[in-house]
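Here are the chains, one letter per residue:
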Amino acid sequence: MTEDAKVDWDERIALRSDEEHEFTFPELDPPKEVTAVGGVGQVTVDWTPVEGAVGYLILRSVGDHGSLEPVDHHSGDVLSVPGPPYVDTTCTPGTPYHYAVASVPEVTVHGRPSQPVGAVPLVADDTVPRVQVMVDTVTEGTELQRPWVPMIGSERLSQLLCTDTTGGQEIGIELEDALRRMHDELGVRTVRAHAIFHDDTHVIDGESYDFSVVDKIYDKLLAIGLRPVVELGFMPRELASDPTKTVFEYGAIISPPASYERWHELVRALVEHLVDRYGLDEVLGWDFEVWNEANLEVFWSGTKAEWLHLYDVTVAAVKGVDERFQVGGPSSAAAGWVDDLLAHARANGTPVDFVSTHTYGSPPLDVRASLERHGYGDARILWTEWGVTPRHFNPINDSVFAGVFLLRGMRSAAGRVDALAYWVASDHFEELGRPPRFLHGGFGLQTVGGLRKPRYHAMSLLSRLGPVELPVTFSGDGGGSLIEAWASRDRDRIAVLLWNLTLDQTKADGAPELTRTVHVELPGVDPSWQVTATTLGIGAGDLAAATAELGITDWPTDDQLADLAERSRMISTPLELTGSAVEVTLPMPYAMLLEIHPTSKT
């Protein structure tokens, strides 16, 4: 893809469809007890959460009299965050700032800001700031929630049948292998992908339906041990009101149907067929999602009202087979149209079994507030796309920063969402064309050739946490905002995952002033216990660095792939306890898994 084509796509994907609302959002109070504390290279902003808020917008002014403007951490998507605290590293050390926080009832709306509070980020000196992390190792603990396990994203699943090659690798075989690793190594249970009704699945044959290609796809998926999230779209050519309206290199049709009755018949026929082939008990465990990102002009050529009608018709078709089937949406970009769908569904008595939406570059918002506001508090929340950036061919996708970002988002989502699906499993992904070279900034957790990127390594670290979550408290410069931790217990093993990260993507390649010494207290742990540290950082688990070392700019040979796999492994080293504590240094971006267990454990 040419640079001009990429710029054109980025401009078009930013065009939102119909952000007008037919209802009024509640006027939320600004947060109270707002504080801003300056540290070396950063300011940590904290506040008391507000009931009814799905998120918060952080605003900043320079000096005493500047205008308050949103803090932009350069994610390219939603700037609101789900809750406190927020670490601002886009500031200039030594400069006085004022910060305020506004409550967000819906992603396009925010309330009045809080009273501003002042802070000055500190200039770095020769002393590395220190953060204290206290892990309560003796408490009973709670069940550790794993929002990465329920779902992963993928290129359209018809590619499982593709015998073409990219970079010398057969697409279908490698995509299948990538999905199998997600299941076997990380425990992922379902896959969400676009275009089950694309022309290449040939679901309409004259006046009848032919689901034989769909069968081949789902047979492969189920053989891996995965279930599909059935995203119902895009529009079959035979049903489209305007088949010239398409998206992506593979020409997915984004038009509303010429006949909603025929769309209803197709959806019902598919669901009936799935039940016949796989059994009612099996398909009752699947989710059916209506379309993809209709609130973007590039994905839906109709109006919001037309999409809401499509939702009603689709729900009726699916539940006409069995009321127990789970259907939801709006499958929207940037957390949009959630309230619109819920308000419409409530007015029309349409079921919403789950709300699905997407965001990039920030932890997912807390849309439970929207569900409760409209009377759907029991509905599940599925973030069916999430990642570090919405931009294709962005080098940040291959970076260590992206891996540590994944840890921050998953920790934020744990316990408040039912699934957070990283987009996507493999670089065999061709929305804007097939990969032009090995490391091209692709969305995949794994490369063409099947190597694990830092984001895959991050998922691997998460999978090594134990079943019992332990409480953690922080103090010091950036503790709980720049430095975070997720602690767990598994029989006689304590696992503490630490990381250092800012959301500020201008610092993706590192920022020396954000390095912290982290002192981890583990009261109750015997000083004789063994500590193993597994690290993910620049130069450790860093495929981009390994690729640069070998001077690979196009596609690696088989021998180079093997060399890259070895060079890009995470590093594990033994550490020693000092009493019941261990001290480590964390640059930014960086993650470290500490596993503490009796010396005799092998």
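Residues numbered from 1 in each chain as written. Predicted model: local features only at pLDDT ≥ 70, side-chain atom pairs only at ≥ 80, totals over all residues. Heavy atoms only, no water.

Below, the discussion takes up the overall build of the protein. Looking only at helices and strands, the protein has twelve helices and 32 strands in total. Radius of gyration (C-alpha) of the protein: 24 Å, near the 25 Å computed for a compact globule of 602 residues. C-alpha extents for the protein along the principal axes are approximately 75 × 60 × 50 Å. Within the protein, the proportion of its 602 residues that are buried is 60%. Nonlocal contacts in the protein, meaning residues at least 24 apart in sequence, comprise 76% of its contacts between residues at least 6 apart. (Helix = DSSP H or I, 4+ residues; strand = E, 2+ residues; numbered from the N terminus. Rg over C-alpha atoms; globule rule 2.2 N^0.38 Å. Buried < 20%, exposed > 50% of the residue type's maximum accessible area, 1.4 Å probe, protein only. Contact = heavy atoms within 4.5 Å.)

With that out of the way, let us pick up the nonpolar core. Of all hydrophobic cores here, the largest spans 152 residues; its most connected members are Phe288 and Trp307. Those residues in contact with Phe288 that lie beyond four places of it in its chain are Val230, Leu232, Val271, Leu274, Val283, Val318, Phe325, Gln326, Val327, Gly328 and Phe354. Judged by nonpolar contacts, the second largest core, of 24 residues, contains Val133, Val135, Leu498 and Val518. (Core = buried A, V, L, I, M, F, W, Y, C linked by side-chain atoms within 4.5 Å.)

Looking now at empty space enclosed by the protein. On inspection of all chains with the given rule, the structure shows four cavities of 30 Å³ or more. Here the largest cavity defines a volume of roughly 80 Å³. Contributing to the lining of the largest cavity are His392, Phe393, Asp427, Phe429, Glu430, Glu431, Leu432, Gly433, His440, Gly441, Gly442 and Phe443. Here the lining of the largest cavity is built from residues that sort into four nonpolar, five polar and three charged. Considering the residues around the second largest cavity, the lining is formed by Leu157, Ala193, His194, Ile196, Tyr218, Pro228, Val229, Val230 and Glu231. No other element matches the four residues that strand E16 (residues 227-232) contributes to the lining of the second largest cavity. (1 Å grid on protein atoms, 1.4 Å probe; cavity = no way out; pocket = protein on both sides within 12 Å on 5 of 7 lines; lining within 4 Å. Points joined across faces, edges and corners; volume = space filled by probe spheres on them. Nonpolar A, V, L, I, M, F, W, Y, C, P; charged D, E, K, R; others polar.)

Judged by pairing direction, the sheet is antiparallel, and its four strands sit side by side in the order E4-E3-E6-E7 without closing on themselves. Each of the sheet's edge strands pairs with one partner strand only, and the pair in question is strand E4 (69-70) and strand E7 (117-119). Bridge count between strand E3 (residues 55-62) and E4: two bridges; the pairing is antiparallel. Residue pairing in the sheet places Arg60 in a bridge with Glu69 of E4. (Pairing = 2+ DSSP bridges.)

The next subject is the packing of helix H6 (residues 304-321) against helix H7 (residues 338-348). Any two packed helices are characterised by the angle at which their axes cross and by the distance between the axes. Two numbers describe how H6 lies on H7: the axes approach to 11 Å, and their chain directions differ by 55°. When the axis of H6 is compared with that of H7, the two are oblique. Pair H6 / H7 crosses with right-handed handedness. From H6, Lys304, Trp307, Leu308, Tyr311 and Asp312 reach across to H7, where they touch Asp340, Leu341 and His344. Along the lines of polarity and charge, the residues of the contact of H6 with H7 split into four nonpolar, one polar and three charged. (Axes fitted to C-alpha atoms, helices over the stretch in contact; angles between N-to-C directions. Parallel < 35°, antiparallel > 145°, perpendicular 65-115°, else oblique. Left-handed = near helix turned anticlockwise from the far one by under 90°.)

Another point: the sheet that holds strand E32 (residues 590-597). Taken in spatial order, the seven strands of this open sheet run E9-E24-E26-E27-E32-E29-E30, and their pairing is antiparallel. Bordering the open sheet on either side are strand E9 (142-143) and strand E30 (571-575), each of which pairs with just one other strand. Pairing of E9 with strand E24 (residues 468-470) involves two bridges; the strand directions are antiparallel. Looking across to E24, one finds that Glu143 is bridged to Val468. Those strands touched by helix H9 (residues 400-413) are E24, strand E26 (483-490), strand E27 (493-500), strand E29 (530-537) and E32, and its axis lies near 120° from that of E27.

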